[in-house]
Amino acid sequence: MPQVTTTSLHMRSVDELRPSRATLPAGCRIERVDAITPEFSKFLYRSVGSGWNWADRLPLTRREWADIITRPGSETWVLWTNGAPAGYLELAGSPEGVVEIVYFGLFPEQLGRGFGGLLLAEGTARAWDLHTRWQGFAPVHRVWVHTCSLDGPAALANYRARGFEVFAVEEADQAVVDASTGWWPEA
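Here is what the cut-offs are and how they apply
- Residues numbered from 1 in each chain as written.
- Predicted model: local features only at pLDDT ≥ 70, side-chain atom pairs only at ≥ 80, totals over all residues.
- Heavy atoms only, no water.
- Phe/Tyr/Trp six-rings, centres within 6.5 Å; stacked < 30°, edge-to-face > 60°.
- Helix = DSSP H or I, 4+ residues; strand = E, 2+ residues; numbered from the N terminus.
- Buried < 20%, exposed > 50% of the residue type's maximum accessible area, 1.4 Å probe, protein only.
- Lys NZ or Arg CZ within 6 Å of the ring centre and 35° of its normal.
- Core = buried A, V, L, I, M, F, W, Y, C linked by side-chain atoms within 4.5 Å.
- Contact = heavy atoms within 4.5 Å.
- Pairing = 2+ DSSP bridges.
- Axes fitted to C-alpha atoms, helices over the stretch in contact; angles between N-to-C directions.
- Parallel < 35°, antiparallel > 145°, perpendicular 65-115°, else oblique.
- Nonpolar A, V, L, I, M, F, W, Y, C, P; charged D, E, K, R; others polar.
- Salt bridge = Lys/Arg side-chain N within 4 Å of Asp/Glu carboxyl O.

Enquirer: How should I be thinking about the packing of aromatic side chains in this particular structure?
Expert: For the coordinates displayed, the defined rule picks out 11 aromatic pairs. Consider the rings of tryptophan 54 and tyrosine 103, whose centres lie 5.2 Å apart with planes at 45°: the pair is tilted. With a gap of 49 residues between them, tryptophan 54 in the loop between α1 (38–49) and α2 (62–69) and tyrosine 103 in strand β5 (residues 98–106) connect regions that are remote in the sequence. The exposure class assigned to tryptophan 54 is buried, which follows from its relative accessible area of 11%. Taken together, the aromatic side chains of Phe40, Phe43, Trp80 and Phe107 make up a single cluster linked through ring pairs. Sitting above the plane of the tryptophan 65 ring, arginine 57 keeps its charged end 5.5 Å from the centroid.

Enquirer: I tried to follow the nonpolar core on my own but got confused; where do I start?
Expert: One recurring pattern in soluble globular proteins is that nonpolar side chains are buried together. Counting 30 residues, the largest nonpolar core has Leu91, Ile101, Val143, Tyr159 and Phe164 as its most contacted members. Of all elements in the fold, only β1 (3–11), β2 (28–32), β3 (74–81), β4 (84–93), β5, α3 (115–128), β6 (142–148) and α4 (155–161) reach the threshold of two or more residues within this core. The contacts of leucine 91, once residues within four sequence positions are left out, are Gly73, Ser74, Glu75, Trp77, Val99, Glu100, Ile101, Val102, Gly123, Arg126, Ala127 and Leu130. One finds Val48, Trp54, Leu58 and Leu60 within the second-largest nonpolar core, a separate group that totals 18 residues.

Enquirer: Just to check I follow, could you spell out the environment of glutamine 3 for this structure?
Expert: Relative to the helices and strands, glutamine 3 is located in strand β1. When the C-alpha positions of glutamine 3 and aspartate 173 are compared, they lie 4.2 Å apart, and in sequence the two are 170 residues distant. Excluding anything up to four places from it in sequence, glutamine 3 contacts Ser149, Glu171, Ala172 and Asp173.

Enquirer: What's the story with the pairing of β1 in this structure? I'm lost.
Expert: Successive side chains on a regular strand alternate, one facing one side of the sheet and the next facing the other. Note: β1 against strand β7 (residues 165–173), eight bridges, orientation antiparallel. Bridged to serine 8 within β7 is alanine 168. Bridging between β1 and β6 involves six bridges; their strand directions are antiparallel. For serine 8, the partnering residue across the bridge sits in β6 and is histidine 146.

Enquirer: Sorry, what's going on with the sheet that holds β5 here?
Expert: Strands in a sheet are paired, the pairing made by backbone hydrogen bonds, and the direction either parallel or antiparallel. Strand order in the open sheet made by the seven strands is β2-β3-β4-β5-β6-β1-β7, with mixed pairing throughout. Bordering the open sheet on either side are β2 and β7, each of which pairs with just one other strand. Ignoring which end each strand starts from, the neighbouring axes of this sheet average 20° apart. Pairing geometry for β2 and β3, over five bridges, is antiparallel. Its bridge partner lying in β3, arginine 29 is registered against tryptophan 80. Contacting β3, β4 and β5, α1 runs over the sheet at an angle of about 110° to β4.

Enquirer: Where do I start with the packing of α1 against α2 in this structure?
Expert: A pair of packed helices can be characterised by two numbers: the angle between their axes and the separation between those axes. At a minimum axis distance of 9 Å, the contact between α1 and α2 shows a crossing angle of 85°. By the angle between their directions, the pair α1 and α2 is classed as roughly perpendicular. The residues of α2 that touch α1, namely those facing Pro38, Glu39, Ser41, Lys42 and Tyr45, are Arg62, Trp65, Ala66 and Ile69. Its residues assigned to classes, the contact of α1 with α2 comprises five nonpolar, one polar and three charged.

Enquirer: Got a minute to help me understand the pattern of salt bridges in this structure?
Expert: Following the criterion strictly, the structure yields 10 salt bridges and no others. We note a salt bridge from arginine 62 to glutamate 39, for which the minimum N-O separation is 2.5 Å. Of this pair, arginine 62 sits in helix α2 while glutamate 39 is found in helix α1, placing the two residues 23 residues apart along the sequence. Note that glutamate 122 and arginine 126 form a salt bridge whose closest N and O atoms lie 2.6 Å from each other. With glutamate 122 and arginine 126 both in helix α3 and four residues apart, this pair spans about one turn of that helix. A relative accessible area of 27% means that glutamate 122 is categorised as partly exposed. Salt bridges linked by common partners bring Arg32, Asp34, Glu75, Glu122, Arg126, Asp129 and Arg133 together as one network.

Distances and angles like these do not, on their own, reveal function.
Here it is as structure tokens:
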């Protein structure tokens, strides 16, 4: 088993957010998917994560997946380029004012085009104002994320460039799971 380093980062104020220097080119937009389905969520997850060994949600049934992505405070923001999804960011907000960036990444063919900083900056801004879209949620006072040494080589630098600060680093042996298994466990 390889040793994996997991780095947890956070922001404690929206004033710490640093935007990307790039701008979205014509034909690109970032928007929230209001009625996300388990199928579309899993498509995004697998399209981004299969190259980085994302496998933690693969054992979930369709119902379990739906429960996660439709709970209050859960939001999925997609980067679209010329009508096709190019990457996404999933938020998990809590009524207490803490938001986790649960998943973030680009489709393989979009890497190296400057979209990562743009999507992360916009997604983080949406994390900071998540409470305005969810009744009963306290104003956001902390946004956090974790990344690991199995993720893309630019991930940690991108988080730091957007203003996230490291608050924990852990090392552990971790099994690398084949992320190319079937669509749903019960299938």
